[in-house]
Amino acid sequence: MDLRTDVPHSARVYDYILGGKDNFPADRAAAEDIVKDWPHLPVSMRSNRSFMARVARVLAEEHGFRQFLDIGTGLPTPPNLHEVVQEAAPEARILYVDNDPIVLVHARALLTSSAEGRTSYLDADFGDPAAILGSAQLQETIDLSQPVAVSLIAIVHFIVDDDVVRSLIEQLMAPLAPGSVLALSTCTADSAPEEVRVGVAAYNANGIPLVARDKARAESLFTGLELIDPGVVLVNHWHSDEAAAATDDAHVHMYGGIARKS
């Protein structure tokens, strides 16, 4: 297994910035270089992680979802999606998908399910929806005749072409049952134009492609789906809890939302 520890990886950079330990010198050097230019990135990342947890809880508790397909999982960071979901619905089933070998190693060790439900892991790439949808892990974990919540949290901004992202989303959602939803978050410079512009340049300079989308571009990623209230907003404004409501908008550089398939 080639971890390519000499090359910074977005999941490990994210892990280091959030205070994790599953990273290597190349990741730490890249993260420190990026945060020097993007000082509020750690706040934005924590806000995004909190958004993921609120999405999981709302979908499980208020919308009754019991099947989750989380693509671009990243390294385990409590609370993980399955922990939030299975606290509300122990029978829920979750399939995590990522393509970084170190994520695979840690996911297999740490992502345990409730007795009533199931948590599985698939080593696959968001860029190959057919491999995800055709995998044995998906077929063993997810019933495609029933609604599925697809989660693309902080992943699509690593694909700079909007048309490519929309095509991948369309391929993922096409075989899913009506009533399935897409939850998505993506980087934006709308809340802090100069800071994010410099920070995005630092990501790209470290060999990690990244794009910041304005609100219209973020909304366009949900084309063909019905946005659910409150629509696409800065992630700290999505079903805010006390901590999210207290976060300064200028320090949050992610849009997020969920939308339903008819």
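Up top is the structure these notes are about.
### Topic: the packing of helix 1 (residues 10–17) against helix 2 (residues 25–37)
Interaxial distance between helix 1 and helix 2 falls to 9 Å at its minimum, and their mutual angle equals 65°. For the element pair helix 1 / helix 2, the angle class is roughly perpendicular. The element helix 1 and its partner helix 2 pack so that their crossing is right-handed. Contacts between helix 1 and helix 2 involve R12, V13, Y16 and I17 on the former and, on the latter, D27, R28, A30, A31, E32, I34 and V35. Along the lines of polarity and charge, the residues of the contact of helix 1 with helix 2 split into 7 nonpolar, no polar and 4 charged.

### A closer look at the environment of I17
Positionally, I17 belongs in helix 1. A residue is classified by how much of its surface remains accessible, and I17, at 13% relative accessible area, is buried. When residues no more than four places from it in sequence are discounted, the contact partners of I17 are A31, V35, L41, P42 and M45.

### Topic: helix 4 (residues 81–88)
Taken as a whole, helix 4 has its buried residues at L81, H82, V84, V85 and Q86. Summarising the contacts, the buried residues of helix 4 are in contact with helix 3 (41–61), strand 1 (67–71), strand 2 (93–98), strand 3 (118–123) and strand 4 (149–153).

### Section: unusual backbone geometry
With an omega of 10°, the peptide bond between D229 and P230 qualifies as cis. With respect to the element layout, P230 can be found in the loop between strand 6 (226–227) and strand 7 (233–234). With a phi angle near 55°, A154 is a residue other than glycine that sits in the positive phi range. As for its placement among the helices and strands, A154 is situated in the loop between strand 4 and helix 8 (162–173). What makes A154 buried here is its relative accessible area of 19%. Unlike most non-glycine residues, H239 shows phi in positive territory, near 45°. The topology assignment puts H239 in the loop between strand 7 and helix 11 (242–245).

### A closer look at the pattern of salt bridges
In total, this model carries 10 salt bridges according to the counting rule given. Two residues, K36 and D37, come together in a salt bridge whose shortest N-O distance is 3.7 Å. By relative accessible area, which is 26% here, D37 ends up partly exposed. D162 is paired through a salt bridge with R213; the nearest N and O atoms lie 2.8 Å apart. Here R213 lies in the loop between helix 9 (193–205) and helix 10 (215–220) and D162 lies in helix 8, a separation of 51 residues in the sequence. A residue is classified by how much of its surface remains accessible, and D162, at 11% relative accessible area, is buried. Each of R12, D27 and D100 takes part in a single network of salt bridges with overlapping partners.

What counts, and at which threshold
- Residues numbered from 1 in each chain as written.
- Predicted model: local features only at pLDDT ≥ 70, side-chain atom pairs only at ≥ 80, totals over all residues.
- Heavy atoms only, no water.
- Axes fitted to C-alpha atoms, helices over the stretch in contact; angles between N-to-C directions.
- Helix = DSSP H or I, 4+ residues; strand = E, 2+ residues; numbered from the N terminus.
- Parallel < 35°, antiparallel > 145°, perpendicular 65-115°, else oblique.
- Left-handed = near helix turned anticlockwise from the far one by under 90°.
- Contact = heavy atoms within 4.5 Å.
- Nonpolar A, V, L, I, M, F, W, Y, C, P; charged D, E, K, R; others polar.
- Buried < 20%, exposed > 50% of the residue type's maximum accessible area, 1.4 Å probe, protein only.
- Salt bridge = Lys/Arg side-chain N within 4 Å of Asp/Glu carboxyl O.

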